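# Working through the structure, step by step
Listed below are the residues making up each chain.
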Amino acid sequence: MVELLSPGGDFTSLSAVVKNGADAVYIGLEGVNMRINASNFKMDDIKKASKICKDYDSKLYVCTNTILKDNDILRLKKQIPELAERDVDGLILSDIALIEKCTDSGIEAHISVQENITNTDTLKVLSKLGAKRAILSRELSIKEIKNIASNSPIETEVFIHGAMCMAISGRCFLSYGLYGRSANCGDCLQPCRKNWKLSFDYDKNDKVINSSDLKTDEETFFISEAYDNSYRTTFFSPKDMAMIEHIPDLIDTGVDAFKIEGRARSADYAATATAVYREAIDLYQKDSAQYKYNPQWMEKLNEVFNRGYDTGFYFNTPYEISENNKSKYVKKDIGKVINYYNKVKVAEIKIWDDLSIGDEIMIQGPTTGSIRHTIDSMEINNEQVDFVEKGLNVGIKIPYKLRKNDFVYKLVERVEGS
């Protein structure tokens, strides 16, 4: 059985993914992981995170995958036994110097994609050092992955969904060079996602392709003419990876774990991606002969943040580029939960935007996770209403248990071009 590994950027995301079927969750330890801008977990949070995972029969892996200096190594060697005491199942490492300390403490050592592992010999060396698993490079094809996994002495893991980086295994110096903020230490400002201005020596043989005029399936990147007659492109910015259409191919590789990228993204993104891949994986593993891809899976993935989708390096070189969010809906902050009445399953919500029957809302919180609900019943002072103006408290019938101070969002369909 392949393991589905989902991102836990904070407690809300962690609760959301375990409730949607994640076999394991990976979180970041404050100060030493590749998402410094996410709501990372302090040592005091790890025990609580571990308990939530264990309550749902999920494993917990902690990321310590930045470039580490001597003082970082010393600190982590002291923390690893503490992580073991907090029932952490594995540590995702970018530095092989920590493997021995992990194994001595009873924690699995998982080698990060930052190590750019692309061959079986490296896996054999890592096995001798005591590593339990390795995350393979995102630059490998599906054929190469299958060959490596079938000959690997340790477990293998691959990314199947989420953001792609312009640099091999995320080893990029662009953010550091421009802003002094190091991507290799988890502090990437993603300048690659910006619209870059091109400068070139023009002659009559040059051909500039404007995206609005492109009517071809050729693999190329777009260049558009700007108002000042210069040319701009987002050729540094790849689309997100989505392998939902290729679950049988992925399982056939023999890898042990499928990983969803996204610790810096919202809880609804993590929940939706987890639920979609969970359904697809379970369906295939239940009856591979009758398995059939469901187009609704991609429709659901399109509802949350994405830059458009591609299959990464699995089948070819990524060729399409995208900078902006392509999700179907925008989350509009409209209120918070004041109380939830368990017996009648009604939430009292204070709203600061209008709300109507038929609106779709999303409720998120550290224990609640991320829940979507279409409003079919509202009342004020025990009277049914179809519409509520902002500034009021309203009772909404909802079958899911909510908690005080959970955030409430209204899902508004995105306007083309926004």
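Source: prediction; values computed, not measured.

### Comments concerning the overall build of the chain
Helix and strand content of the chain: 10 helices and 23 strands. If you sum the accessible surface of the chain, you get close to 20700 Å²; carbon and sulfur atoms cover 47% of it.

### Comments concerning the pairing of strand 15 (residues 346-351)
Where strand 14 (residues 329-341) meets strand 15, six bridges bridge the pair, whose relative direction is antiparallel. Bridge assignment links V337 to a residue of strand 15, and that residue is I349. The turn joining strand 14 and strand 15, which pair antiparallel and follow one another in sequence, is formed by four residues; a positive phi near 55° is taken by K345. Note: strand 15 against strand 22 (residues 393-397), five bridges, orientation antiparallel. Bridged to E348 within strand 22 is G395.

### Comments concerning the packing of helix 1 (residues 11-19) against helix 9 (residues 267-286)
For the pair helix 1 and helix 9, the least separation of the axes is 8 Å and the interaxial angle reads 15°. Taken together, the axes of helix 1 and helix 9 lie roughly parallel to each other. When you trace helix 1 past helix 9, the crossing you get is right-handed. Here T12, S13, A16 and V17 of helix 1 come into contact with helix 9, specifically with A267, A270, A271 and T274. Along the lines of polarity and charge, the residues of the contact of helix 1 with helix 9 split into five nonpolar, three polar and no charged.

### Focus on the sheet that holds strand 22
Reading across from one edge, 18-17-23-14-15-22-19-20 is the order of the eight strands in this open sheet, with antiparallel pairing throughout. Of all the strands in the sheet, just strand 18 (369-374) and strand 20 (383-385) have a single pairing partner and so form its edges. With direction set aside, neighbouring strand axes in the sheet form an average angle of 40°. Lying on the sheet, helix 1 is in contact with strand 17 (360-365) and strand 18; it crosses strand 18 at an angle near 65°.

### Comments concerning helix 5 (residues 120-129)
Turning to helix 5, its buried residues are T120, L123 and L126. Buried residues of helix 5, viewed axially, fall in a sector of 115°; they line one side. Residues D121 and K128 are exposed on helix 5 and point more than 90 degrees away from its buried face. A distance of 3.2 Å separates the backbone nitrogen of D121 from a side-chain oxygen at the start of helix 5, and that oxygen is part of N119.

### A word on the side chain of H373
By secondary structure assignment, the location of H373 is in strand 18. A polar contact is formed between the side chain of H373 and the backbone oxygen of K397, at a distance of 3.1 Å. Setting aside chain neighbours within four positions, we find H373 in contact with D359, E360, I361, I396, K397, I398, P399 and Y400.

### Observations regarding the packing of aromatic side chains
For the structure shown, the criterion picks out four aromatic pairs. Grouping aromatic residues by their ring pairs yields a cluster made of Y284, Y291, Y293 and W297. Here the basic side chain of R138 rests over the ring of F159, its NZ or CZ set 4.2 Å away from the ring centre. Taking the ring centre of Y409 as reference, the NZ or CZ of K331 above it sits at 4.9 Å.

### Description of a nonpolar patch on the surface
On the surface, a cluster of nonpolar side chains totalling about 260 Å² of accessible area is made up of I96, V125 and L129. With respect to the helices and strands, L129 occurs in helix 5. For L129, a relative accessible area of 42% translates into the label partly exposed.

### Re the confidence of the model for the chain
Per-residue confidence for the chain gives a mean pLDDT of 87, with 84% of residues at or over 70. Within the model, pLDDT remains below 50 along residues 210-214, and this stretch shows nine contacts once partners closer than five positions in the same chain are excluded.

### Comments concerning the pattern of salt bridges
In a structure, side chains of opposite charge can pair up when their charged atoms sit close to one another. By the definition in use, this model includes 20 salt bridges. In this structure, the salt-bridge partner of K54 is D89, at a minimum N-O distance of 3.0 Å. In this pair, K54 is assigned in helix 2 (residues 43-55) and D89 in the loop between helix 3 (70-85) and strand 4 (90-93), connecting sequence segments 35 residues apart. For K54, a relative accessible area of 33% puts it in the partly exposed group. The partner of E108 in a salt bridge is K132, and the shortest N-O contact between them spans 3.1 Å. Of this pair, E108 sits in strand 5 (residues 108-111) while K132 sits in the loop between helix 5 and strand 6 (133-135), and the two are 24 residues apart along the sequence. Classification of K132 as partly exposed rests on a relative accessible area of 33%. Beyond isolated ion pairs, a larger network of salt bridges with shared partners links E3, E108, K132, R133, E155, E157 and K259.

Rules behind the numbers
Residues numbered from 1 in each chain as written. Predicted model: local features only at pLDDT ≥ 70, side-chain atom pairs only at ≥ 80, totals over all residues. Heavy atoms only, no water. Helix = DSSP H or I, 4+ residues; strand = E, 2+ residues; numbered from the N terminus. Areas by Shrake-Rupley, 256 points an atom, 1.4 Å probe, with all protein chains shown as cover. Pairing = 2+ DSSP bridges. Axes fitted to C-alpha atoms, helices over the stretch in contact; angles between N-to-C directions. Parallel < 35°, antiparallel > 145°, perpendicular 65-115°, else oblique. Left-handed = near helix turned anticlockwise from the far one by under 90°. Contact = heavy atoms within 4.5 Å. Nonpolar A, V, L, I, M, F, W, Y, C, P; charged D, E, K, R; others polar. Buried < 20%, exposed > 50% of the residue type's maximum accessible area, 1.4 Å probe, protein only. Arc of directions from axis to C-beta. Polar contact = N/O pair within 3.5 Å; in protein donor to acceptor, adjacent residues only side chain to side chain. Phe/Tyr/Trp six-rings, centres within 6.5 Å; stacked < 30°, edge-to-face > 60°. Lys NZ or Arg CZ within 6 Å of the ring centre and 35° of its normal. Patch = residues over 30% accessible without salt bridge, like charges linked within 9 Å, V, L, I, M, F, W, Y side chains within 5 Å. Salt bridge = Lys/Arg side-chain N within 4 Å of Asp/Glu carboxyl O. pLDDT = per-residue confidence, 0-100.

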